[in-house]
Structures are given as structure tokens and as C-alpha cells.
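# Structural overview
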Amino acid sequence: MSDLKLPEKFDEYAEGRKNGFLRVKAAKEAGKKVVGIFCTFTPVEVFDAAGLISVGLCGMSDETTADAERDLPKNLCPLIKASYGFALTEKCPYTYWSDLIVGETTCDGKKKMYELLGQLKDVYTMNLPQGPDRDYAKKMWAHEIRLLIDVVEKKFGIRVTDEQIREAAIKRNEFRRLKVELMELLSMDPAPISGYDMYKFLESMGFQFTVDDSIAAVKKLLGELKEQITSQPAAAGTGRKRILVTGCPIGGVLDKVVGSIEANGGQVVCYENCGGIKAARCFVDTDAEDIVEAIADAYLQIGCAVMDPNNRRKENIPELIKEFRVEGVVDATLQACHTYMIETYWIRKICEEAGVPYMSLETDYSQSDKGQIDTRIAAFIETI
Amino acid sequence: MNFVGIDMGSTCSKLVALNEAKEIVYKEVVPTGWNCVETAETLLSHLEAQGIPKDAFRSVATGYGRVSIPFADKCITEISCHGKGAVAIFDEPDFTLIDIGGQDTKVIEIKGGSVKNFYMNDKCSAGTGRFLEIMAGTLGVDLNKLCELGRQSQNHVSISSMCTVFAESEVISLIGRGTDKADIAYGIVESIANKVKSQMGRVSSDPAHLRLSGGLCEVPFLLELLSEKLGGEVKTDPLARYAGAYGAALFASELK
Ligand code: SF4
Ligand code: SF4
């Protein structure tokens with residue numbers, strides 16, 4: 001198919017980026033369609049059922065921030081700016097090749113950014129309800145999922161049946177179960193893998209083209225780690241401080257935050273944020289009569305700060321602290337993220353009640369506060 | 001065996017050397033300059049001149065340049081070192097320590113003789129020693145003079161911008177409008193005190209137990225304004241400037 005044109009500046013791109021573009025291009029040449037997503041609330045079962053590739057598009061570096069700031073305010077969450085910037089500059093292969101982008105009305109910054117993004121790409125925004133425990137929330141979200149199915153059917157000229165969705169949900173559940181099993185390995189002391197590597201691995205799952213690929217990858221890593229655990233008899237505790245990381249999506253500040261935690265005597269044992277344990281434990285009841293409602297129900301269990309009220313997060317953290325024997329909580333927020341910044345109030349309180357040291361860090365994708373963050377994290381770990 | 005603590009800050013490097021009995025036998029402040037490694041060499045030669053050669057001491061480095069001191073046995077953050085030094089200097093277990101450093105301001109809550117909680121400003125230089133220096137430069141005076149001028153102010157003006165860059169242009173326009181230098185100086189020192197006040201909100205503190213360390217503790221007018229803003233007397237000590245280095249030296253004495 002010759003209508004698949006690479007970006008104008010393709011030749012200037014670095015090797016890795018070029019490969020990314022070619023990898024997706026090859027899939028598209030084989031007839032695959034790509035859906036770009038930004039959020040953990042996106043019901044990916046719909047895309048699995050439709051045989052579409054779904055990939056995460058969250059911007060993780062400040063490479064394109066300056067470009068994004070031509071259209072977006074400076075004082076905006078770096079993740080939003082980066083996501084838009086990568087679309088604008090055609091530097092992200094996944095955004096570039098997306099046939100459809102699906103967003104949600106999560107935080108204000110994101111939903112308004114989607115409106116602008118709609119000028120560059122085919123964007124569809126789902127309406128995420130508030131009040132996850134209200135009786136209409138589940139119905140509304142289920143209805144929104146049905147609308148999404150319509151959009152997908154029309155856009156790609158296909159039919160998506162409930163049975164296909166149910167099968168997709170069963171697979172996703174298996175993937176979730178495996179991910180949870182993997183993440184639970186971090187409760188061991190010593191943990192068989194650094195928190196940094198764990199995150200990088202989980203993040204890479206967002207770029208797998210099928211759930212089967214993801215499942216295979218998790219199984220492989222699980223196998224390796226279990227092998228390592230049995231072949232190397234457990235040493236005594238490492239003395240590393242066991243840290244739970246919570247807050248905003250952390251991919252773009254992983255080196256600054258998690259890198260620093262683990263370079264200064266800590267081990268991240270649990271990620272409560274997106275990409276971590278919080279959403280992985282939201283299983284779909286695949287025996288339910290109405291599978292779409294069951295999916296809606298599962299997704300509304302996600303304890304994200306964009307929700308009001310967001311009791312799930314407050315309930316989860318104390319439990320995770322116990323389960324992973326957490327010795328310190330690092331609440332990492334991205335600059336200008338009001339929802340998570342304000343919730344630092346609750347998380348600090350919860351940690352105080354649990355008797356676990358707490359630190360909140362506000363940062364962005366730049367490197368200018370690297371030294372400062374490093375000192376603060378090192379000092380935090382020294383005081384544990 | 002001697003125990004040496006080096007606090008390499010962004011502007012000044014402080015050194016404290018202790019004897020076996022943990023008494024201070026030598027202390028000094030030198031400008032950090034642009035090359036931390038060279039500064040470390042200089043400090044080493046000074047120690048030698050004091051009869052403390054390289055193989056006769058154990059040392060801990062702290063401060064932003066802590067990783068650039070090749071001979072240090074260990075690096076510990078300035079939060080822990082300031083806390084430890086201050087506990088020894090002020091000889092009390094519970095207080096709130098304010099440290100206004102060259103590029104950052106820290107508020108450290110001390111409970112039972114150790115660091116319980118702390119707050120450190122983010123990346124900008126608002127409310128730091130660097131801010132005062134830049135503003136003093138804009139007024140064409142040095143830091144001490146700036147604070148003395150501030151005390152003479154008759155008609156207080158306030159500098160509304162916290163950001164160094166904007167505050168500087170505010171100061172320039174005040175100068176342009178012919179505002180009295182003393183009044184501008186007051187506004188500058190006051191803005192530091194306000195910034196500290198807002199940072200104090202992040203940790204719990206008792207106005208009856210406030211202590212100041214860092215390079216600005218020898219500036220009486222700043223202490224006065226801080227006390228006024230924070231609603232309790234902020235006390236300091238001639239040694240407080242060395243709190244970080246002293247704490248580091250004490251840590252060095254505990255190294256195994
Ligand atoms: S933090 Fe909330 S809004 Fe952001 S990606 Fe995760 S679930 Fe979506
Ligand atoms: S980190 Fe906060 S501001 Fe940024 S996209 Fe997520 S919820 Fe929105």
C-alpha cells in the first residue's frame with residue numbers, strides 16, 4: 001500500500017525512532033488499523049474485539065514541549081503538552097500512524113487539548129462520568145462504551161459483537177492477572193527486579209500490538225524471575241528502603257524520580273499510579289449477562305484523581321502499604337496537575353495515619369530540577 | 001583521628017574539623033567558585049596546613065557539590081547534616097530549622113533530636129540567598145548593606161513578584177521611579193521572609209522554637225523581619241553558618 005507516507009522529516013530521525021515508524025507501517029501494510037489512547041479508563045476490550053491495535057500515546061519527554069507551547073499554555077501539565085507536541089511534530093510513530101485517537105473527559109487540560117488535537121487527527125472523546133458510585137455512573141459509562149463501539153464499527157466498516165467483546169475481556173483479565181502476579185513479586189525482600197526495570201517493562205506493554213503478545217511477554221519475564229528466585233537462595237533483607245510511588249503518570253519523570261529513589265538506597269516495591277497496580281486489579285466480571293456493563297463497572301473502580309469523589313485511591317493506599325510492607329511513600333505530581341496536587345493533602349494524611357513517611361514532589365519533564373529532586377529524595381530516604 | 005565535614009554549597013563551601021573528643025579544632029568558609037573539585041583540593045591543602053593530613057581523618061561531604069569531593073568517605077544530604085549539626089549547636093531536641101542557602105531554602109522539622117520532616121523549595125531561586133545577592137547587585141550594594149538599608153526604611157514598599165527575574169525588573173522600575181533605596185531594600189528582605197513563611201506552612205512548626213542556619217544568620221535585620229513574620233523569635237548562633245559541615249563532621253565520627 002503506497003498511500004502510507006512517512007513523515008516529511010523521517011530521514012532526520014534517530015535510528016530507534018525510524019524503527020518505530022517502520023514497525024507500525026509494516027503492521028498497517030499488513031492491513032492492521034491503529035487506535036491511539038491516552039488513559040487507563042479507555043476500555044481497550046473494544047479495540048481488541050475489533051481486531052485493532054491499540055497503543056498508548058502519552059508524551060514522555062520534553063522534546064516537543066516548545067512546539068506544543070505555540071498552541072497550548074505554558075502553565076499546563078507536561079504530559080498534555082508533550083502528547084500534543086508529539087502529534088504536532090510527527091515525531092511519535094504511534095500518534096502519527098493512528099487511524100483513530102480515543103480520549104476521555106478526564107482532567108480539564110486533557111479534554112481541551114483533545115479539541116485541538118482533533119484538528120490534526122481523527123479524535124473521538126468519550127464522556128467519562130463523575131461520581132463513580134452514583135447509580136447512573138455505570139449505566140452512563142456502559143452507554144459511552146456502546147457509543148464507542150458504534151464509532152469503531154462505522155470508522156472501520158466492521159461489526160463488533162458482544163461475544164467478541166466477552167472473549168476480549170477474558171483475555172484482558174488474564175493479562176491483568178499475570179501483571180498483578182508480576183508486580184506482587186516486588187513484595188519480596190530482596191525484590192527480584194528493580195522498580196525501574198519493572199516500570200520500563202510494564203510501560204513497554206503499551207506498545208505491544210496484541211494482547212497475546214503482551215501475555216507472552218509477561219509470562220516470559222515471570223518465568224525468568226521465578227527461575228532466578230529459586231536458583232538463588234534468598235539472601236537476608238537488603239536494607240533497601242521499600243518505597244511506594246503514587247501520583248500522576250510517571251513515565252516522563254521515571255529517571256528523575258524512580259532512578260533517584262533506587263540510586264539512593266531505595267527500592268520501589270509498588271506503583272500505585274497508572275501503569276501500576278491500581279488499574280491492573282480492576283477485573284471484569286466476564287460471566288456477567290451484560291458484558292459491556294461489566295466492563296464499565298471494572299473501569300469505574302480505577303482510583304484516579306480526576307474522579308470526584310475518589311475514595312478508591314484513599315482506600316487502596318493503606319492496604320498497599322501493608323501488603324508491600326512499605327516504608328515510605330513518594331507522591332510524584334506533574335506541574336499544573338491540579339487534581340493530583342490537591343489530593344496530596346489526603347495522601348499525606350493517610351500516610352501520617354499509617355505512620356509511614358510521606359513526601360510529595362512536584363516536577364515536570366525538564367532536567368533543570370534534577371539535582372534538587374535528587375537531594376530531596378536522598379534526604380527523604382535518609383530520614384526513613 | 002580527626003573527623004571532617006565539608007558542606008559544599010552553591011556559593012560557599014564550609015569545613016569543620018573535629019578531634020577525637022568531637023571538639024571543633026578548625027573551621028573555615030571559602031567561596032565554592034566554579035570548579036568544585038578544585039575547591040575540594042584547596043580545602044584539603046588547608047587541612048594539611050593545620051596538621052590534619054589526608055590519611056589522618058575520616059570525612060563526610062554534603063551540600064550540592066557533595067559528589068565532587070573525591071576524598072570524602074561518604075556523602076550525606078544537607079537535610080540530614082543540617083539537622084544533625086543544628087541539634088548539636090542549639091543543644092535541644094525539638095525545633096524548626098530554617099536554612100537559607102545560596103540556591104535553596106530548607107525548612108526542617110526536628111523532633112527528638114532527628115529530622116522528622118522537611119521542605120525544600122523547588123527549582124527556582126526565589127527566596128534564597130542568591131535572590132538577595134542578585135537584588136543587592138541591582139541596588140549596587142552588598143548583601144549586608146542591603147539589610148542595613150532595609151532597617152532604615154520609612155515607607156515600606158513591597159515587592160510582589162517572587163520570581164527572581166520579575167522581582168529584578170520590579171526593583172529596577174522602583175529605582176526608576178525614584179523610590180528610596182532603603183524602602184526598596186526593605187521590600188526585598190521582606191519578600192524573603194514572606195517566602196519562608198509560606199514554606200513554613202508545609203511542615204508543622206512551633207513559633208516558640210525557630211532556629212536559623214546558613215549564610216544569612218549573621219544578618220540581624222533578616223532575623224528581625226523573620227521573627228516578626230513568623231510570630232516567634234527566630235534564634236541563631238555564630239556557629240549556625242557551619243551547621244551542615246558540623247553535622248557532616250559528626251556523621252564522619254560515627255563512620256565505621
Ligand atoms: S492518571 Fe487518571 S486521567 Fe491520567 S491516565 Fe491515569 S486514569 Fe487516566
Ligand atoms: S497528570 Fe494530571 S493534568 Fe496531567 S493529564 Fe493526568 S490528570 Fe491531567
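Structure: above.
The following refers to the structure shown.

About the criteria used
- Residues numbered from 1 in each chain as written.
- Chains lettered and ligands numbered in written order.
- Predicted model: local features only at pLDDT ≥ 70, side-chain atom pairs only at ≥ 80, totals over all residues.
- Heavy atoms only, no water.
- Helix = DSSP H or I, 4+ residues; strand = E, 2+ residues; numbered from the N terminus.
- Buried < 20%, exposed > 50% of the residue type's maximum accessible area, 1.4 Å probe, protein only.
- Contact = heavy atoms within 4.5 Å.
- Pairing = 2+ DSSP bridges.
- Near = heavy atom within 4 Å.
- Nonpolar A, V, L, I, M, F, W, Y, C, P; charged D, E, K, R; others polar.
- Domains from an automatic or database assignment.
- Axes fitted to C-alpha atoms, helices over the stretch in contact; angles between N-to-C directions.

### Focus on the environment of Ile 277 of chain A
Residues and elements named next belong to chain A.
- Mapped onto the secondary structure, Ile 277 falls in helix α12 (residues 277-280).
- In this structure Ile 277 comes out as buried when scored by relative accessible area, which is 3%.
- Note: C-alpha distance between Ile 277 and Ala 66 (211 residues apart in sequence) is 33 Å.
- With residues up to four places along the chain from it excluded, the contact list for Ile 277 reads Met 183, Cys 270, Tyr 271, Glu 272, Leu 320 and Phe 324.

### A short note on the pairing of strand β3 (residues 24-31) of chain B
Residue and element names in this part refer to chain B.
- As defined by bridge partners, strand β2 (residues 12-18) adjoins β3 across seven bridges and the pair is classed as antiparallel. Looking at the pairing, Val 16 lines up with Lys 27 of β3.
- In sequence, β2 turns back onto β3 through a hairpin of five residues, with Lys 22 there showing a positive phi of about 65°.

### Side note on the site of ligand 2
Residues and elements named next belong to chain A.
- Every residue close to ligand 2 is listed here: Cys 77, Ile 80, Cys 107, Lys 110, Cys 248, Pro 249, Val 306, Leu 334, Cys 337 and Thr 339.
- Looking at the shell around ligand 2, its residues break down into eight nonpolar, one polar and one charged.
- Here the shell around ligand 2 spans two domains, since at least three of its residues come from each of domain 1 (10-160) and domain 2 (164-383).

### Some thoughts on the sheet that holds strand β5 (residues 241-247) of chain A
Residues and elements named next belong to chain A.
- In spatial order, the strands read β6-β5-β7-β8; together these four strands make up an open sheet with parallel pairing. Two strands bound the open sheet, and with one partner strand each, they are β6 (266-271) and β8 (358-363). Adjacent strand axes in the sheet meet at a mean angle of 30°, parallel and antiparallel pairs treated alike.
- With five bridges joining them, β5 and β6 adopt parallel strand pairing. Among the inter-strand pairings, Val 245 is bridged to a residue of β6, identified as Tyr 271.
- On the sheet, helix α11 (residues 254-263) packs against β5, β6, β7 (328-334) and β8 and is oriented at approximately 125° with respect to β6.

All quantities given are derived from atomic positions and should not be read as evidence of function.
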